[in-house]
Structures are given as structure tokens and as C-alpha cells.
Amino acid sequence: MAAQPSSEIEALRAALNAAERRVEAAESHANAAEAQRAHWEGLARVLQQRLDGFVHNIPGIAWESYFRQSPGTHQSPVREQSPATMDVDYVSDLIEPISGYTADEWKQPNFWLELVHPGDKAQALADSHRVFREGHGSSSYRWLTKGGRTLWVTSRMTLIVDKAGVPIGLRGVTMDETGIKQAEAQRLLDAQEAIRARDEFLSIASHELRTPLTAALLNVHLLERSLKQLSVPPRVGEIVAKVERQQIRIANLLDGLLDVARIRVGRLELAREYDVDLAEVVRDVVDRLQPDFAHPGCAVDLASAGLVRGHWDRLRLEQVVMNLLSNALKYGNRAPIEIAVTSDGVTAKLVVRDHGIGIPRTSQARVFERFERAASSRHYGGLGLGLYIVRQIVEAHGGTISLDSEPNVGSTFTVELPVRQ
Ligand code: ADP
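If you're wondering where the values come from, they're calculated on a predicted model, not measured in any experiment. Position labels on residues start from 1 in each chain and follow its written sequence. Local features in this predicted model are restricted to residues of pLDDT 70 or higher, and side-chain atom pairs are both shown and tallied only at a pLDDT of 80 or more, whereas totals for entire chains, interfaces and linings draw on every residue. Calculation of side-chain values draws on the structure's entire complement of heavy atoms; hydrogens and water are dropped beforehand.

1. Quick word on the UniProt feature "domain: PAC" (unreviewed entry) in the chain
Then comes step 1: UniProt positions are given in the numbering used here, feature names are shortened, and annotations may be inferred rather than shown by experiment. Taking the UniProt record as the reference, the feature "domain: PAC" (unreviewed entry) is found at residues 137-189.
Then comes step 2: The helix count covers DSSP runs of H or I at least four residues long, the strand count covers runs of E at least two residues long, and both are numbered beginning at the N terminus. Counting secondary structure, residues 137-189 comes out at 23% helix and 57% strand; the distance between its end C-alpha atoms is 30 Å.

Below, the structure is given as C-alpha cells:
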């Protein structure tokens, strides 16, 4: 047998080597692919476990919904589709104990919207539309369970988009908040009941206290009259007058409480009279407060221009002026007080200005509320009802009250009243 030329043997050997290298390369490729697969599988397992861990531990129902017709097969832009055409694709296990329906039942067409309370459907749809515009959001509505119960739920949702960024569905978590809602409703009822009981107590207590006080005031008047006919030392007369003033103060406080109770039940009724003269009302109140203006420097300057007449409740207006003037005296640092009464024929205006302690800007709205005070109770007594009642009376007349004040400079209260009803 003739020997093979050595060049052929070399070529064969080279081809063999090359084939061996290709086999090795293919083997290492296969190994790398296997390693990659194992890596991805491991990662997928970790992610799946993580997801399961989250889904099973959140106190709500996790879900995903997609448009029934995927954007690829549907011609109109996805943004024009309604969330009503979305169907549940995935829903976590908690769905059954909460809604009574199984996950498979939830995957039926239109199911998510069918379970929403009829009164809340429009809102739930509007909220979902908003999520489509904004990328995420929440919606609260009522759900009807299989057992016929009504639940309050809140869904927090995020938009799902495809590779091209086109919205294709929503993903979210729905929480049952019925317990929270019921507790809130109960708290509200309890608070309303407590307020009602307090108002009733205030009303009864002030009424009960007012009755013997009226009798006591009458007796003090009789005593005053009898004393005039007897030759008792002047000191006795002074003491009786003091007792009378103290009784009147208590009577005013009780009347304030009674008024609050009346206002609370919407029973502040006005007894309007024609041609009530506001300037005369102010003069009467100033006269009544004369003993309080006795301090040096505490003068009252009353400016009134023309006729200031209107169709008002005279006694209630007296109460307004009395409260504003008493406050100007009480908080006015014993400086002069200016009162102005004017009218343009349509609106009457009463301005009471003092130069006293003033009211900080942050408290100015609050002082017109019930039991709200801005001054220290150690230095100034009071219940914090006067301005509340004043505002109610002014508003019942269709008017307004405003305040301009600065601490340590003074306060100006302006009341504006329509002349006619
Ligand atoms: P009260 O005087 O009984 O506290 P009011 O309702 O009449 O209740 O007034 C509420 C609060 O408004 C007062 O506690 C006081 O802090 C403040 N206030 C009212 N009038 C004046 C005023 N003329 N100057 C300064 N503070 C005032």
C-alpha cells in the first residue's frame, strides 16, 4: 500500500483539530447557555417568591385587569377605550373571603363593574379614567358581596403599558375599609349625640337658673325701693346696688347660654319692628353702661349722622351694641371708645373702636365662634359667647360684621345692616 503524502496527513490532522475546537466551542456555548438558563430560572424563582410573599401578606386584594381587545387587534386608540371594557386577568386569593366570589368568577367579562354599587359606578369609572390620564391614583366605592353585604373599598391603581408605552390595563390593590367607615360613622354619631346632650343640658340648666334669678332680681328692686323710704346709711344702698349689678351680670351670662342653645336648634327668631333707630339704641345702651364709663379717660364718643332707621329687632340690636360696647370697655385699657352710626339709606353702619389690647391676627376669625376666646382667662373673665351671638344676630338680619385689630393698638368692629328686610 502506497504511503500517504505527508501534506495530506497534515491537512487531515488540521481538519481534525479544527473539528475538535468547534466541538469544544459548541460545548462551552451549551454550558454557558445552560448556566444562563439556570441563572434566569433562579432569578424568576426569587422574583416569584418575592411577589407571592408580598401578595399574600398585604391586607388587600391584588389584581390586574386588561382591555378585552388588546391594542394590537383594536383599531381605535386605547385612550378612547373605557375602563368598563376591562376584564380581570389576575386576582389574589383574598378575593373570595372578602367578596364571596371566586377568582374564576371575577374573570368573567364586565364582572368588576357589576359588583360596584349602582350609586358609585359612575364615580368608579371616572376615577379609572383619571388613572389612565395620570398613571396612578385611587378610587373609593361600595361593593356588593355575594352574601348581599355592602362593603366600602378603596382601590389604589397603576397603569400598565405595553412595550410601545400604550396603556393596556390597570394593576392595583383593593382594601376593605368597611370597618374604618363604620367606626368613623359611629364616632360622628357619638360626637353629635354628645353635642346634643351638652346643648340640652345648657338649655335646661340656664333656664332653670334663670327662673330663681329673675325672682331674686325682683326682690332686690323691691328692697331698693323700700330702702329709699327708710333712713338707712348710704353704704347699705351701695351694697344693694352692687348685688343688683352682679345679678344682672349673671342674668346676662345665662341669657347668652340660652341664646346659644336657641341658635343651635335654629330658633333665633327676630321680632322686627319698622323704624327702629340705631342711634337711639346706641344712646340707650351707653346710658345703661354709664356707671362703667365712670373711670377717668374711659369716655365714649358717639358720632351719628342723619337718620339711621331700619326694619330690625330692637332688643336683639341692643344685645349687639351691648356686647360690642362691653367688650370695648373690658378689653379697652380704659382708653376712650369711639362709636359711629351712619346710613346711606340702603345699609346702616355701626363702628365701635377701642384703643385696647387688640386681637392677634391668627385669632380674629376664631373669636366669632362659640366659646372661643383670645384673651387670658386669668385677666379677663367671660364665656366666649358674646361675639358669637352678635354675629348670629347680625347675620339673621342679613348683615355682616368685620374686625380690624392689632395687638396693643386696638380693635374696630364694623357692623353693616340692610335697612330693609
Ligand atoms: P368673652 O368676652 O366673654 O370672652 P366674646 O365672644 O365677647 O367673649 O369675645 C371673644 C373674645 O374676643 C374675647 O375673649 C377676647 O379675647 C376677644 N375680644 C372681643 N372683643 C375684644 C376687644 N374689643 N378687644 C380685644 N379683644 C376682644
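2. Regarding helix H5 (residues 121-134)
Then comes step 1: The length a helix should cover is 1.5 Å for every residue beyond the first. For H5, which comprises 14 residues, the first-to-last C-alpha distance of 20 Å matches the rise-based estimate of 20 Å (1.5 Å per residue) to within 8%.
Then comes step 2: Along H5, the positions that sit buried rather than exposed are Ala-124, Asp-127, Ser-128, Val-131 and Phe-132. The buried side chains of H5 occupy one side of the element, clustering within an arc of 150° when seen end-on. Opposite the packed face of H5, turned more than 90 degrees from it, sit the exposed residues Ala-122 and Arg-133.
Then comes step 3: Close packing links the buried residues of H5 with strand E1 (61-67), strand E2 (86-91), helix H4 (111-114), strand E3 (136-144), strand E4 (150-161) and strand E5 (167-176).
Then comes step 4: Looking one or two residues beyond H5, the residue adopting positive phi is Gly-135, at roughly 95°. Per-residue accessibility, obtained with a 1.4 Å probe over protein chains only, is compared with the maximum for each type, and a residue is labelled buried under 20%, exposed over 50%, and partly exposed between these values. As used here, the arc belongs to the directions running from the helix axis to the C-beta atoms. Two residues qualify as a contact provided that any one of their heavy atoms is within 4.5 Å of a heavy atom in the partner residue.

3. Quick look at the domain arrangement of the chain
Then comes step 1: Per the domain assignment, the segments of the chain are domain 1 (1-57), domain 2 (61-176), domain 3 (184-264) and domain 4 (273-418).
Then comes step 2: Domain 1 and domain 2 are separated by 46 Å when their C-alpha centres are compared. What marks off one domain from the next here is an automatic or database domain assignment.

4. A short note on the UniProt feature "coiled-coil region" (unreviewed entry) in the chain
Then comes step 1: Look at the UniProt record and you will see "coiled-coil region" (unreviewed entry) annotated at residues 9-36.
Then comes step 2: Overall, residues 9-36 shows 100% helix and 0% strand. The separation of its end C-alpha atoms is 40 Å.

5. Overview of the packing of aromatic side chains
What characterises a pair of aromatic rings is the spacing of the ring centres plus the angle enclosed by the ring planes.
Then comes step 1: Classification of ring pairs uses Phe, Tyr and Trp, with its six-membered ring standing for Trp, and accepts pairs whose centres are within 6.5 Å; under 30 degrees between planes counts as stacked, over 60 as edge-to-face, and the remaining range as tilted. Within this structure, the stated rule accounts for six aromatic pairs.
Then comes step 2: Taking 5.4 Å as the distance between ring centres and 70° as the angle between the ring planes, the aromatic pair formed by Trp-106 and Phe-111 counts as edge-to-face.
Then comes step 3: Consider the rings of Tyr-331 and Tyr-380, whose centres lie 5.0 Å apart with planes at 45°: the pair is tilted. Of this pair, Tyr-331 sits in the loop between helix H9 (314-330) and strand E9 (337-343) while Tyr-380 sits in the loop between strand E10 (347-353) and helix H10 (386-396), and the two are 49 residues apart along the sequence.
Then comes step 4: Judged by its relative accessible area of 17%, Tyr-331 is buried.

6. Description of the site of the ligand
Then comes step 1: Proximity is defined per residue: if any heavy atom of the residue lies within 4 Å of a molecule or strand, that residue is considered near it. Around the ligand, the structure places 20 residues, and the nearest of them are Tyr-331, Asp-354, Arg-373, Ala-375 and Leu-387.
Then comes step 2: Between the ligand and Ala-374 there is a distance of 2.8 Å, counted from an oxygen atom to a backbone nitrogen or oxygen.
Then comes step 3: Two N or O atoms form a polar contact when they lie within 3.5 Å of each other; inside protein one atom must be a possible hydrogen donor and the other a possible acceptor, and for residues adjacent in sequence the pair counts only when both atoms belong to side chains. At 2.8 Å, a backbone N or O of Ala-375 approaches an oxygen atom of the ligand.
Then comes step 4: Out of a free accessible area of 530 Å², the ligand has 97% covered by protein chains.
Then comes step 5: Secondary structure elements with two or more residues in the shell around the ligand: H9, H10 and strand E12 (410-418).
Then comes step 6: Of the residues contributing to the shell around the ligand, the split by class is ten nonpolar, six polar and four charged. Residue exposure ignores everything except the shown protein chains as possible cover, and the areas themselves are Shrake-Rupley values with a 1.4 Å probe. We call Asp, Glu, Lys and Arg charged. Ala, Val, Leu, Ile, Met, Phe, Trp, Tyr, Cys and Pro are nonpolar, and the rest, Gly among them, are polar.

7. Some details on the nonpolar core
Then comes step 1: Membership of the largest hydrophobic core comes to 46 residues, with the highest contact counts inside it found for Leu-324, Leu-325 and Leu-350.
Then comes step 2: Going through the elements one at a time, helix H7 (234-264), helix H8 (278-288), H9, E9, E10, H10, strand E11 (400-406) and E12 are the ones with two or more residues in this core.
Then comes step 3: The element contributing the most residues to this core is H9, with seven residues.
Then comes step 4: Both domains that furnish three or more residues to this core are identified here as domain 3 (184-264) and domain 4 (273-418).
Then comes step 5: Apart from the residues within four sequence positions on either side, Leu-350 is in contact with Leu-278, Val-282, Val-321, Leu-324, Ile-339, Ala-340, Val-341, Phe-413, Thr-414 and Val-415.
Then comes step 6: Only buried residues count toward a nonpolar core, which is a set of Ala, Val, Leu, Ile, Met, Phe, Trp, Tyr and Cys residues joined through side-chain atoms within 4.5 Å. Counting residues in hydrophobic clusters, the runner-up holds 26 residues, among them Val-88, Ala-124, Val-153 and Met-157.

8. Comments concerning the environment of Ala-251
Then comes step 1: Along the chain, the position of Ala-251 falls in helix H7.
Then comes step 2: With a relative accessible area of 4%, Ala-251 lands in the buried category.
Then comes step 3: Along the sequence, Ala-251 and Ala-18 sit 233 residues apart, while their C-alpha atoms lie 117 Å from each other.
Then comes step 4: Ignoring anything within four residues of it in the chain, the contact list for Ala-251 reads Arg-210, Leu-213 and Leu-217.

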